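# Structural overview
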Amino acid sequence: MRRRTLGNAAVITASLLALTGLGVTIAYAATDGEDPAAVAGECADVFLTIDPGGDPVGKLCTAADADGTTLSGVALTFTASSNCSGTVMLRVSGLDASGAEFGEVENATCGSGKATASFSPASKTAPDTYLCGTLLADRYTAAQACVALS
């Protein structure tokens, strides 16, 4: 039996959602040449569901505080171009040290143009994998920003 990695699943999911018009943006961060103890981060554009091919209306950023496969924490931030209100769902997912997928979800209040959530999903991750932050909200297209961990 072939086991799919989170990275493969993210690519497949993004392809399927893009084909159905949901416009998921996946951005991967390269960590080559960087200090592994530094906070790694990546951002993705967010679009309105009524205009998924239009101009971006915000950014979703995933920042991982990691040293190799040791994960201290993850912060997801959605920043809207204009004020946003209500709540958005922010999700973090990845693979733990045993290769099992983990995920945590938090409803974050979006005020003053920003919604933020902090996670501590696993202390160790699988080597050479991705940690992904996802924005899910009725008004905005699903967006995903992934950080490469080694």
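Residues numbered from 1 in each chain as written. Predicted model: local features only at pLDDT ≥ 70, side-chain atom pairs only at ≥ 80, totals over all residues. Heavy atoms only, no water.

### Focus: the state of the cysteines
Where we set the bar: Cysteine sulfur atoms that come within 2.5 Å of each other are treated as a disulfide pair. A run of H or I in DSSP becomes a helix once it reaches four residues, and a run of E becomes a strand once it reaches two; helices and strands are each numbered from the N terminus.
By the definition in use, this model includes three disulfides. Paired by a disulfide, C132 and C146 hold their sulfur atoms 2.1 Å apart. With the S-S dihedral at roughly 110 degrees, the linkage between C132 and C146 falls on the right-handed side. Highlighted residues: C132 in strand β8 (residues 129-136) and C146 in strand β9 (residues 143-149), separated in sequence by 14 residues.

### Structural notes on the pairing of strand β6 (residues 101-109)
As a reminder, the rule being used: Only when DSSP finds a minimum of two bridges between them are two strands counted as paired.
Alignment of strand β5 (residues 87-95) against β6, held across nine bridges, turns out to be antiparallel. Bridging from a neighbouring strand, M89 pairs with N107 of β6. Hairpin geometry of β5 and β6 is characterised by an intervening segment of five residues between the two adjacent antiparallel strands and by a positive phi of about 90 degrees at G99.

### Topic: the pairing of strand β4 (residues 70-80)
Sheet analysis places strand β3 (residues 58-67) next to β4, joined by ten bridges and oriented antiparallel. Each residue of the ladder has a partner; that of A64, found in β4, is V74. Linking β3 back to β4 in an antiparallel pair, the connection comprises two residues, with G68 at a positive phi of about 65 degrees.

### As for the environment of G58
The criterion, for reference: In what follows, a contact means two residues having at least one pair of non-hydrogen atoms within 4.5 Å.
Topologically, G58 is positioned in strand β3. For G58 and A80, which are 22 residues apart along the polypeptide, the C-alpha to C-alpha distance reads 4.1 Å. Leave out the neighbours within four places in its chain, and G58 touches A44, D45, V46, F78, T79, A80 and S81.

### With respect to the nonpolar core
Quick reminder of the rule: Here the nonpolar core consists of buried residues drawn from Ala, Val, Leu, Ile, Met, Phe, Trp, Tyr and Cys, with membership extended through side-chain atoms lying within 4.5 Å. To sort residues, take the accessible area from a 1.4 Å probe on protein chains only and compare it with the maximum for the residue type: under 20% means buried, over 50% means exposed, and anything in between is partly exposed.
Within the largest apolar cluster, 28 residues are counted, with the highest numbers of intra-cluster contacts made by F78, L90, L131, L135 and Y140. Put simply, the parts of the chain that give this core at least two residues each are β2 (39-46), β3, β4, β5, β6, β7 (114-119), β8 and β9. Looking at which element gives the most residues to this core, the answer is β4, with five residues. Once you skip the residues sitting within four places of it in the chain, F78 turns out to touch V46, G58, K59, L60, C84, C110, G113, K114, A115, L135 and Y140.

### Some points on the confidence of the model for the chain
Quick note on the threshold: Residue-level confidence of the predictor is what pLDDT reports, using numbers from 0 through 100.
A residue-level look at the chain finds 74% of positions with pLDDT of 70 or above and a mean pLDDT of 78. When pLDDT is averaged over each element of the chain, β7 comes out on top at 96 and strand β1 (residues 26-29) at the bottom at 32. Note that residues 1-38 has pLDDT below 50 and, in this model, 58 contacts with residues that lie over four places away or in other chains.

### Comments concerning unusual backbone geometry
Despite not being glycine, S112 has its phi angle at roughly 55 degrees, a positive value. Among the structural elements, S112 can be located in the loop between β6 and β7. In this structure, D128 is a non-glycine residue whose phi angle is positive, near 50 degrees.

### Side note on the pattern of salt bridges
Keep this limit in mind: Every case where a carboxyl oxygen of Asp or Glu lies within 4 Å of a side-chain nitrogen of Lys or Arg is listed as a salt bridge.
Counting across every chain of the model gives one salt bridge. In this structure, D45 engages K59 in a salt bridge whose closest nitrogen and oxygen atoms are separated by 2.5 Å. Taken together, the positions of D45 in strand β2 and K59 in strand β3 put the pair 14 residues apart, joining distant regions of the chain.

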